[in-house]
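Summary of structural features
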Amino acid sequence: MAAAEREIREIRHRSPQSFLEAVQATNTLSDRDLETHGRLQAAALRWLYDQGYVATAELVVGTRRWDVAGYDQAGQVTIVEAKASLQDFRRDDKWHEYLPYADRFYFVVEEQFIAAHGTPAAGVGWLAVTRAGQVRVVQECPGHPVAREREATAWAIARALTKRIVFGF
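Presented here is an overview of the structure given in this document. (Residues numbered from 1 in each chain as written. Predicted model: local features only at pLDDT ≥ 70, side-chain atom pairs only at ≥ 80, totals over all residues. Heavy atoms only, no water.)

1. Notes on the packing of aromatic side chains
The condition is simple: The criterion for an aromatic pair is that two Phe, Tyr or Trp rings (for Trp, the six-membered ring) have centres within 6.5 Å, with stacked assigned to planes under 30 degrees apart, edge-to-face to planes over 60 apart and tilted to the rest. Helix and strand definitions follow DSSP, with helices as H or I runs of at least four residues and strands as E runs of at least two, each counted in order from the N terminus. Only protein chains enter the accessibility calculation, which uses a 1.4 Å probe; a residue is then buried when its area is under 20% of its type maximum, exposed when over 50%, and partly exposed in between.
Tallied over the entire structure, the rule returns ten aromatic pairs. Plain terms: the ring middles of W95 and F105 are 5.7 Å apart, the flat faces sit at 20° to each other, and that makes the pair stacked. Note that W95 is positioned in helix α4 (residues 95-98) and F105 in strand β4 (residues 104-110), a separation of ten residues in sequence. Classification of W95 by relative accessible area gives buried; the value is 6%.

Dropping the structure here:
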């Protein structure tokens, strides 16, 4: 019982940080970009699920927050960062820091993004979401089984999914 109460206190303590992060995102992304970002995350979650992954969105592991993260039955970790626009992509200067924590790393964007800008980062995978909501692999991730904190990431994903079931958020 004490462990559960401690967990609830920790979740409540972290919630303001999540709220502040949401406010910061709102300040930097337009309403349209926020809507697009949510659609891209949902499409990436479905894509990972279809690939046999256990996945969640807005995963916090230590000081890192990934848009979508999942692991497969072999324990391979995939991180997907959603980019609603070229400006959103350019503003993100921390995605390079995520690479050592993933076996595969992708950006997910709208199909129009790829048509207009191509794939502006090399050495990562690119996913395009069609107008119908389907995910198309534009550029496969080279994939290097190097994920640091693999077990911690899998545990964090499981805890995040459980938290959503237990607490509803």
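2. Looking at the environment of R131
Note the following rule: Only heavy atoms matter for contacts: two residues are in contact if any of them lie within 4.5 Å across the pair.
As for its placement among the helices and strands, R131 is situated in the loop between β5 (125-129) and β6 (135-139). Along the backbone, R131 and Q112 are 19 residues apart, and their C-alpha atoms lie at a distance of 9.1 Å. Those residues in contact with R131 that lie beyond four places of it in its chain are E111 and Q112.

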